[in-house]
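This is what each chain is made of:
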Amino acid sequence: MKDVHSHFIPKEALLWLEQHQHLVSVRREQLTDNRPDVLIINDTWPFSLSEAFIDENQHAAAQRKAQIGHTLVSPLPQLFLYNTDPAITSEFAAVYNQGLIDMMKRSNTRYSGLSTVPLNDPIKAASELKSTMKKGLLGSIIGTGIDGTLLTDERYIPFWEEANRQKAIVFIHPLLSQDKRMNKGKMSTLMGVLWETTVCAADLLLQGYLDVYPNVRILLAHGGGFLPYQIGRMSKGYQQWESVSKNLSASPGDYLRKFWFDSVLWNDDALSFLVKLAGEDRVVPGSDFPFELKDFPPINKNLSGWDSLIS
């Protein structure tokens, strides 16, 4: 059994955060009912800091108990630090990534890893991606953009060019939506993150990035958000409007099969629909472990995307 979507914080990264609170706001809140502490970074998106997030042995033990033989580990989106000074983001990324590389070496092939990169300085992001892939990481996890920009903004071209050269996995994982309407009822987590992925992925598709950077293996979190469900509308627009088709050499439905998708959907019918549209070789078992909202162990039935993604 495999898991392509799992998060961890190496001890070196957690120590860096604790020692640099003059640079990055880091706050732990203790709860009163024996639940894990809540960690809040830069006053956004608090999350429960379970032991599996920070204890390597407990994370690995959970994988073994779930009979997961290999896990692709990546940073939490709360650790991207895109809204801090790029020099700080770059320093933290280097610390996190080295901690993950060391963890992989100790794991005896149980883990592969994805780096975090300072996307707020795309040239440095490209350099960090190249450096960490030389050390054994398989690519990077990135957000859907910064300060309202999309990933097709020209500022990010150096990162995409390097990812294409390296044939990197680029795991697109959303941050919380900034739409204030979603502040009620946890909609920012339940729906907002999916919307962010949908907008990002649709833009990459419509701007022709899957042709411009064909060697990048783009993995979309949470089943690709709402993109697969509305690919028919995009395909109709492709037929109707030259402004939609001008950057594309095929229908959006064909481009859908050039992404990879994790299986974090919690619904068998939704997963079957995704497999039917994208192909079972483009859907990869994922869990989002150890967040509270997780699908663990991940569904692995009839999903063969791991071999094409991790190649």
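Keep in mind it's a predicted model, so treat the numbers as computed, not measured.

Engineer: Honestly, the pattern of salt bridges in this entry has me stumped. Any pointers?
Structural biologist: Side chains carrying opposite charge are able to pair once their charged atoms draw close together. Following the criterion strictly, the structure yields nine salt bridges and no others. The partner of Arg-28 in a salt bridge is Glu-18, with the nearest N and O atoms 3.9 Å apart. Of this pair, Arg-28 sits in strand S2 (residues 26-29) while Glu-18 is found in helix H1 (residues 11-19), placing the two residues ten residues apart along the sequence. Since its relative accessible area comes to 40%, Glu-18 is described here as partly exposed. Across the pair Arg-28 and Asp-37 runs a salt bridge, and its minimum N-O distance is 3.5 Å. Residue classification places Arg-28 among the partly exposed positions, given a relative accessible area of 40%.

Engineer: I'm lost on the environment of Asp-179 in this one. Help?
Structural biologist: Tracing the backbone shows Asp-179 in the loop between strand S8 (169-172) and helix H7 (187-206). Measuring from C-alpha to C-alpha, the distance between Asp-179 and Gly-192 comes to 7.8 Å, with 13 residues separating the pair along the chain. In terms of polar contacts, Asp-179 uses its side chain to reach the side chain of Arg-181, at 2.7 Å.

Engineer: Would you explain the packing of helix H5 (residues 122-134) against helix H6 (residues 157-166) in this entry?
Structural biologist: Two quantities define a packed helix pair, namely the angle between the helix axes and the distance between the axes. With their axes 7 Å apart at the nearest point, H5 and H6 run at an angle of 20 degrees to one another. Comparing the axis directions of H5 and H6 gives the class roughly parallel. Between H5 and H6 lies a crossing whose hand is right-handed. In contact with Pro-122, Ile-123, Ala-125, Ala-126, Leu-129, Lys-130 and Met-133 of H5, H6 contributes Pro-158, Phe-159, Glu-162, Ala-163 and Gln-166.

Engineer: Where do I start with the sheet that holds strand S4 (residues 44-48) in this structure?
Structural biologist: Note on sheets: strands pair through backbone hydrogen bonds, and any given pair is parallel or antiparallel. Spatially, S2-S3-S4 is the arrangement adopted by the three strands of the open sheet, whose pairing is antiparallel. Each edge of the open sheet carries a strand with a single partner, namely S2 and S4. Sheet twist, expressed as the mean angle between neighbouring strand axes with direction ignored, is 20 degrees. Note: S2 against strand S3 (residues 38-41), four bridges, orientation antiparallel. Bridge pairing links Arg-28 to Leu-39 in S3.

Conventions we followed
- Residues numbered from 1 in each chain as written.
- Predicted model: local features only at pLDDT ≥ 70, side-chain atom pairs only at ≥ 80, totals over all residues.
- Heavy atoms only, no water.
- Salt bridge = Lys/Arg side-chain N within 4 Å of Asp/Glu carboxyl O.
- Helix = DSSP H or I, 4+ residues; strand = E, 2+ residues; numbered from the N terminus.
- Buried < 20%, exposed > 50% of the residue type's maximum accessible area, 1.4 Å probe, protein only.
- Polar contact = N/O pair within 3.5 Å; in protein donor to acceptor, adjacent residues only side chain to side chain.
- Axes fitted to C-alpha atoms, helices over the stretch in contact; angles between N-to-C directions.
- Parallel < 35°, antiparallel > 145°, perpendicular 65-115°, else oblique.
- Left-handed = near helix turned anticlockwise from the far one by under 90°.
- Contact = heavy atoms within 4.5 Å.
- Pairing = 2+ DSSP bridges.

Any functional reading would require information that these geometric values do not contain.
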